[in-house]
Amino acid sequence: MNAFLKKISLLLLILAIAAGAVGLIPRFKEEMAKKDVALLVEYSDIDVMARQAGLSFDEMLKRLLKDGITAVSFKDLTGTDLRDGDTPLLWGTLRDLLPEGDFDGLSGNAALLVPKEYDDWFFKKYLEARFPGCVTRAVPEGSIYVLPREPKELLEVGIIPDPMAFKHLARLNVPLVYRPSPTFGLSSDDVAKSLDLLFASLWRLRGVLPQGAVMFGYPDMAPLIDVMHKYGALLLQPEFVRFIGGNEAYRASFPDVLSLHSVTTPEIISRNLSRSSLVERFARAARERSVRVLLLRPYDISSGPWIDAFEQDLASLKALLQRDGFAFKFGDPYPNFGHTPWAFLSFLAASLCVITFLLSMGEREIFRSRNFVLLCVVAVVILVLGANRIALFAKLAGALLAAFGASAAAFAALEAKKPLSGLCVAFGMVIAVGFALSSFFGTPLYMLRLATFSGVKATLLLPPLFVLLHDASKRRYPEGVCDVLKRPPLWGELFALFVILLAAAILLVRSDNVSLVPRWEVAMRDMFERYLVARPRNKEIFVGYPALWLAFVMGAMKSKVNFTRLGSQLHLLLRMASSLAFASAVNSFCHFHTRIYFICWRVFNGLWVGSLFGLLLVLVFILALKFKVIRRLLFVGEEV
């Protein structure tokens, strides 16, 4: 029965890889067609660099466009911006702006004086649309717009687009991005009317990038999303930034969503980022996470003028992205496509492959029972069929396939009689599971991270645990599980338990948490990216594969000599750690925002680089065995 199940699992493995490769074709085509990145700069930064260099805004913008900038953003002015005097507009109460006049009970209302230079039909219509009941007072300098609010109510509220930016950008043939502020206390319908006017006036307005902690229009964002759909505008999604109402807005805008990456000045200061690190970080965002828009800022903590350093960094970034085949333009979003029948077939075949392979390893009579095997197969088929229709089933089936698939790959390598052939089968298992997950879940909803994949942390934690339970059941430790639990623990066992718990904590905390990566590791990552492009994951090259090769060597030695208790503990820890190589590789395929060709490249680099480090570790281990004290610690007797 076991031999039959292994043959079935091998056939299912081949089917899963083949069907998954076909099922990935739509995703692969879209990823290659959308291999573009927009280099975005804020209007205010261009203005500052122009003044520092003694140039006009138009001259600086022309210079930056020649350097490769592809789009310009401009922001809403809030009450705080207007109060601080960042613009030629005057802000205050009506009493402040019109000391000699008839207030008609409006003396304490917020008032905005727009000079004649900027006072055109747009701002009048815009303010009347956004603030119904807005009263206009003509004065020699221009017009005073009296809003039906007090200034303190509008400190963080978007009031009007930057008039200087509007004047400079309205006539340019450059893609524009609007950065709206929150709209606390304003009607969503009124905000939508003003947004409609803005789109009608700026024909090159392509995208909207929210700013502030709350999505503009929240909680009733439907009228604003309708306006954006009307003009085909894209909602830009900043990485690692959460807005109140953000998930609802991005889902309502889907598929008209583009991901964006930026780095703020506080982040530069807190993490002490250098210019070269910033360039590498932006390149990594486009290369590894398929970010389509990069918001670039001058290195504003350095002395001026900023333009020279900015152009140098821009040239370096362009060179890195051009090397990887990127085009520089404001691209189109992914179309809303789903998975194909081939992807479903791959998902089903991979799930059955994993369950049949794991059952083939069972030595108890129940695992050899035909009824039990059929029951497991039927349960898997029902779960996968449900995953094709029900979101909850899809999450459960995906998480189980990732976790058990990585475990099956680990067992395929560790339990093989021939290590090299076992490693090949294990890597094939990773590819089968990875292709199945990537084709089934690799749709724009997951690629834009609007739907999350469940099971990443389980995939890292369960395989080592399964290896521990498997080895304990086969009594590869000097004592059985029950025997260990009945007696007081030994210091070596406590230390091994501490290592396991510490490693698990690190994996849980570090998973998807870039803020906890130390600087030396960032520098090492940059080096790998520079020479390998697709950087292999640290869990594979420094832990998983080296541990696997050393476990192979110790396993071969175990057939000739007996381990001490410490030697058994070390061997067990190595076998557990080796499972992380396959868990990490499967997890790479679960990063659906990364282009599939890049994932395959990264997983392959992890295999050969990790194996190279593993062979070096084996060499060090063999040299260490020349010392008698090492042999006595690990082996009973000295014959090795």
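It should be emphasised that the depicted structure is a prediction, and the values quoted were computed from it without experimental measurement.

**Considering the sheet that holds strand 3 (residues 90-93)**
The strand order across the open sheet built from four strands is 3-4-6-5, with neighbouring strands paired in antiparallel fashion. The strands lining the two open edges of the sheet, one partner per strand, are strand 3 and strand 5 (135-139). For this sheet, the mean angle separating the axes of adjacent strands, direction not counted, is 25°. Here strand 4 (residues 110-115) pairs with strand 6 (residues 142-146) via five bridges, running antiparallel. Bridged to alanine 111 within strand 6 is valine 146.

**Focus: the packing of helix 13 (residues 275-289) against helix 14 (residues 307-323)**
Relative orientation of the contacting elements helix 13 and helix 14 amounts to 35°, with a least axis distance of 10 Å. Seen from above, helix 13 lies across helix 14 with right-handed handedness. Judged by residue contacts, Arg275, Val279, Glu280, Phe282, Ala283, Ala286 and Arg287 of helix 13 engage Ala309, Gln312, Asp313, Ser316, Leu317, Leu320, Leu321 and Arg323 from helix 14.

**With respect to the side chain of arginine 535**
Turning to its location among the elements, arginine 535 is positioned in the loop between helix 24 (519-532) and helix 25 (538-558). Note on arginine 535: relative accessible area 7%, which makes it buried. Look past the residues within four positions of arginine 535 in its chain and what remains in contact with it is Glu288, Arg525, Phe528, Glu529, Phe598 and Arg602.

**So, the packing of helix 7 (residues 121-130) against helix 9 (residues 188-201)**
Two elements in contact, helix 7 and helix 9, have axes whose closest approach is 7 Å; the angle formed by their N-to-C orientations is 160°. Considering the angle they form, helix 7 stands roughly antiparallel to helix 9. Classified by chirality, the crossing of helix 9 by helix 7 is right-handed. The residues of helix 9 that touch helix 7, namely those facing Trp121, Phe122, Lys125, Tyr126, Ala129 and Arg130, are Asp190, Val191, Lys193, Ser194, Leu197, Leu198 and Ser201. Here the contact of helix 7 with helix 9 is composed, by residue class, of seven nonpolar, two polar and four charged.

**Here we look at helix 15 (residues 341-360)**
Taking 1.5 Å per residue, 20 residues should reach 28 Å; helix 15 reaches 28 Å between its end C-alpha atoms and fits that length. Most of helix 15 sits out of view: 15 of its 20 residues are buried.

**Section: empty space enclosed by the protein**
One pass over the full model with this rule turns up three cavities of 30 Å³ or more. The computed volume of the largest cavity comes to approximately 220 Å³. As for the largest cavity, its lining consists of 17 residues, of which Leu278, Phe282, Leu296, Arg297 and Asp313 are closest to the centre. When contributions to the lining of the largest cavity are tallied by element, the ones reaching two or more residues are helix 12 (265-271), helix 13 and helix 14. Residue composition of the lining of the largest cavity, by class: eleven nonpolar, two polar and four charged.

**Quick word on the environment of alanine 165**
Of note, alanine 165 is situated in helix 8 (residues 163-169). When the C-alpha positions of alanine 165 and aspartate 47 are compared, they lie 9.2 Å apart, and in sequence the two are 118 residues distant. Once you skip the residues sitting within four places of it in the chain, alanine 165 turns out to touch Tyr43, Phe74 and Ala170.

**Section: the packing of aromatic side chains**
To describe a pair of aromatic rings, one takes the distance between the centres and the angle between the planes. If you walk through the whole model with that rule in mind, you get 22 aromatic pairs. Taking the centre distance of 5.4 Å and the plane angle of 10° together, the rings of phenylalanine 542 and phenylalanine 613 count as stacked. Of the two residues, phenylalanine 542 is situated in helix 25 and phenylalanine 613 in helix 27 (residues 596-624); the sequence distance between them amounts to 71 residues. According to the relative accessible area criterion, phenylalanine 542 is partly exposed, its value standing at 38%. Chaining the aromatic ring pairs together yields one cluster made of Phe347, Phe440, Phe441, Tyr446, Phe453 and Phe592. The ring of tyrosine 334 is capped by arginine 292, whose NZ or CZ atom sits 5.5 Å from the centre of that ring.

**Notes on the pattern of salt bridges**
Counted according to the given criterion, the structure contains 25 salt bridges. We note a salt bridge from arginine 63 to glutamate 311, for which the minimum N-O separation is 2.8 Å. With arginine 63 in helix 4 (residues 57-67) and glutamate 311 in helix 14, this residue pair connects regions lying 248 residues apart in the sequence. Classification of arginine 63 by relative accessible area gives partly exposed; the value is 29%. Its relative accessible area of 18% is what places glutamate 311 among the buried residues. The salt bridge involving arginine 535 is made with glutamate 288; its shortest N-O contact spans 3.9 Å. Of this pair, arginine 535 sits in the loop between helix 24 and helix 25 while glutamate 288 sits in helix 13, and the two are 247 residues apart along the sequence. In terms of burial, arginine 535 and glutamate 288 fall into one category: buried. Sharing partners across several salt bridges, the network here consists of Arg63, Asp308 and Glu311.

**Here we look at the nonpolar core**
If you look at soluble globular proteins, the nonpolar side chains tend to sit buried side by side. Phe74, Leu198 and Leu294 are the most contacted members of the largest nonpolar core, which has 87 residues in total. Non-local contacts of phenylalanine 74, meaning those with residues more than four positions away in its chain, are made with Glu42, Tyr43, Pro161, Ala165, Leu169, Leu176, Val177, Tyr178, Arg179, Leu198, Leu202 and Leu205. If you look at the next biggest cluster of nonpolar residues, it comprises 81 residues, including Ala16, Ile431, Ala436 and Tyr446.

**Focus: helix 14**
The end-to-end C-alpha separation of helix 14 is 24 Å, in line with the 24 Å expected for 17 residues at 1.5 Å each. Within helix 14, burial applies to Ile307, Ala309, Phe310, Glu311, Asp313, Leu314, Leu317, Lys318, Leu320 and Leu321. Contacts from the buried residues of helix 14 go to strand 1 (36-42), helix 3 (43-53), helix 4, helix 13, strand 12 (293-296) and strand 13 (327-328). Immediately beyond the C-terminal end of helix 14, within one or two residues, lies glycine 325, with a positive phi of roughly 85°.

**Thoughts on the environment of threonine 78**
Residue placement: threonine 78 occurs in strand 2 (residues 71-78). For threonine 78, a relative accessible area of 8% translates into the label buried. A C-alpha to C-alpha distance of 5.5 Å links threonine 78 and glutamate 156, two positions 78 residues apart in sequence. What threonine 78 contacts, discounting residues up to four positions off in sequence, is Leu154, Leu155, Glu156, Val157, Gly158, Ile159 and Ser181. Here the side chain of threonine 78 touches leucine 155 through a polar contact of 3.4 Å, landing on its backbone oxygen.

**Looking at the pairing of strand 1**
Within strand 1, seven of the seven residues are buried, which leaves the element mostly enclosed by the surrounding structure. Both faces of strand 1 are covered, namely the face carrying Asp36, Ala38, Leu40 and Glu42 and the face carrying Val37, Leu39 and Val41. In terms of strand pairing, strand 1 meets strand 12 through four bridges, oriented parallel. The residue bridging valine 41 from the neighbouring strand is leucine 296, located in strand 12.

Basis of the calculations
Residues numbered from 1 in each chain as written. Predicted model: local features only at pLDDT ≥ 70, side-chain atom pairs only at ≥ 80, totals over all residues. Heavy atoms only, no water. Pairing = 2+ DSSP bridges. Helix = DSSP H or I, 4+ residues; strand = E, 2+ residues; numbered from the N terminus. Axes fitted to C-alpha atoms, helices over the stretch in contact; angles between N-to-C directions. Left-handed = near helix turned anticlockwise from the far one by under 90°. Contact = heavy atoms within 4.5 Å. Buried < 20%, exposed > 50% of the residue type's maximum accessible area, 1.4 Å probe, protein only. Parallel < 35°, antiparallel > 145°, perpendicular 65-115°, else oblique. Nonpolar A, V, L, I, M, F, W, Y, C, P; charged D, E, K, R; others polar. Expected span 1.5 Å × (residues − 1). 1 Å grid on protein atoms, 1.4 Å probe; cavity = no way out; pocket = protein on both sides within 12 Å on 5 of 7 lines; lining within 4 Å. Points joined across faces, edges and corners; volume = space filled by probe spheres on them. Phe/Tyr/Trp six-rings, centres within 6.5 Å; stacked < 30°, edge-to-face > 60°. Lys NZ or Arg CZ within 6 Å of the ring centre and 35° of its normal. Salt bridge = Lys/Arg side-chain N within 4 Å of Asp/Glu carboxyl O. Core = buried A, V, L, I, M, F, W, Y, C linked by side-chain atoms within 4.5 Å. Polar contact = N/O pair within 3.5 Å; in protein donor to acceptor, adjacent residues only side chain to side chain.

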